Amino acid sequence: MALPSFASASLEPLATRLAARDGKYTDIPAVLEAGDTPGKHGFAILCPQPVAGSTVSIATLERHPHSTQSFVPIRAGRWLVVLAPTLPDGLPDMANARAYLAGPEDAICIGRNVWHAGLTVLDGPAEFAMMMWRADAGDDGIVHTLETPLTLSID
């Protein structure tokens with residue numbers, strides 16, 4: 001699968017692009033959406049290491065049943081955004097999965113219960129701000145191993 005750029009991506013309804021509209025202050029409520037279970041917002045700095053090569057294999061996806069999850073690059077080059085809707089049985093809908101090549105200026109809020117790949121960076125070590133609702137019960141995420149890994153071609 002060759003990747004379209006994040007800038008040309010249609011993310012709705014799976015995610016929201018985090019950007020000012022018309023160069024003006026823009027409120028984006030999805031980022032601070034309270035979860036549907038007792039908990040609190042968590043904010044972390046993630047430091048992913050790059051993957052190498054011209055193809056990337058995605059073997060697992062994750063989803064967060066109680067929270068949106070936002071990623072904002074602090075120091076990054078290119079990175080991958082992989083999204084898939086959730087089927088009625090709770091599994092990822094791989095027939096409707098989408099993958100995009102994002103850059104250092106791209107930020108995203110992934111919708112609640114949307115399957116997505118873990119943060120995958122390509123050009124070097126990176127730093128990202130990440131915000132999500134943290135459930136008091138600790139059941140923040142579900143991981144699914146794909147029967148057939150998703151192979152992405154990186155140009």
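Everything numeric here is computed off the predicted structure, so don't read it as measured data. (Residues numbered from 1 in each chain as written. Predicted model: local features only at pLDDT ≥ 70, side-chain atom pairs only at ≥ 80, totals over all residues. Heavy atoms only, no water.)

### Considering the overall build of the chain
When its secondary structure is counted, the chain shows zero helices and 11 strands. Overall, the chain shows an N-to-C arrangement of helices and strands of β-β-β-β-β-β-β-β-β-β-β. Each principal axis of the C-alpha atoms in the chain carries an extent, and together these give about 40 × 40 × 25 Å. Of the contacts made within the chain by residues no fewer than 6 positions apart, 84% connect residues no fewer than 24 positions apart. Accessible surface, the chain as shown: approximately 7900 Å² in total, 55% of it carbon and sulfur. Charge-centre separation for the chain: the mean point of 10 positive side chains lies 5 Å from the mean point of 17 negative side chains. (Helix = DSSP H or I, 4+ residues; strand = E, 2+ residues; numbered from the N terminus. Contact = heavy atoms within 4.5 Å. Areas by Shrake-Rupley, 256 points an atom, 1.4 Å probe, with all protein chains shown as cover. Lys, Arg positive; Asp, Glu negative; His and termini not counted. Charge placed at Lys NZ, Arg CZ, Asp CG, Glu CD.)

### A word on the pairing of strand β4 (residues 69-75)
Along any regular strand the residues' side chains alternate between the sheet's two faces. For β4 and strand β7 (residues 108-110), the ladder comprises three bridges, and the chain directions are antiparallel. Bridge pairing in β7 places Gln69 opposite Ile110. Of the strand pairs in this sheet, β4 and strand β10 (residues 127-135) are connected by six bridges, and their pairing is antiparallel. Opposite Gln69, over in β10, you have Met132 as the bridge partner. (Pairing = 2+ DSSP bridges.)

### Topic: a nonpolar patch on the surface
On the surface, a cluster of nonpolar side chains totalling about 320 Å² of accessible area is made up of Phe43, Ile45 and Ile74. Here Phe43 lies in strand β2 (residues 39-46). (Patch = residues over 30% accessible without salt bridge, like charges linked within 9 Å, V, L, I, M, F, W, Y side chains within 5 Å. Salt bridge = Lys/Arg side-chain N within 4 Å of Asp/Glu carboxyl O.)

### Re the sheet that holds β10
Strand order in the open sheet formed by five strands is β1-β7-β4-β10-β2, with antiparallel pairing between adjacent strands. The open sheet has two free edges, formed respectively by β1 (15-17) and β2, since each of these has just one partner strand. If you compare each strand with its neighbour and ignore which way they point, the axes differ by 20° on average. In the sheet, β2 pairs with β10 via eight bridges, with the strands oriented antiparallel. Among the inter-strand pairings, His41 is bridged to a residue of β10, identified as Trp133. (Axes fitted to C-alpha atoms, helices over the stretch in contact; angles between N-to-C directions.)

### Brief notes about the nonpolar core
Ranked by size, the top nonpolar core spans 18 residues in total, and within it Phe6, Leu11, Phe71, Trp79, Val81, Leu83 and Ile108 carry the most contacts. The set of elements that each furnish at least two residues to this core consists of β5 (79-84), β6 (98-102), β7 and β10. Beyond its immediate sequence surroundings of up to four residues, Val81 is in contact with Phe6, Arg98, Ala99, Tyr100, Ala102 and Ile108. One finds Val56, Leu80, Ala84 and Ala117 within the second-largest nonpolar core, a separate group that totals 17 residues. (Core = buried A, V, L, I, M, F, W, Y, C linked by side-chain atoms within 4.5 Å. Buried < 20%, exposed > 50% of the residue type's maximum accessible area, 1.4 Å probe, protein only.)

### Some words on the environment of Ser57
Tracing the backbone through its elements, the reader meets Ser57 in strand β3 (residues 55-63). Judged by its relative accessible area of 49%, Ser57 is partly exposed. Distance from Ser57 to Leu150, taken between C-alpha atoms, is 5.6 Å for residues 93 residues apart in sequence.

### Things to note about the side chain of Thr120
Relative to the elements of secondary structure, Thr120 occurs in strand β9 (residues 120-121). There is a polar contact of 2.9 Å between the side chain of Thr120 and the backbone oxygen of Gly118. Excluding residues within four positions of it along the chain, Thr120 makes contact with Val51, Val56, Ile58, Trp79 and Leu80. (Polar contact = N/O pair within 3.5 Å; in protein donor to acceptor, adjacent residues only side chain to side chain.)

In short, the description is geometric, and any link to function would need to be established separately.
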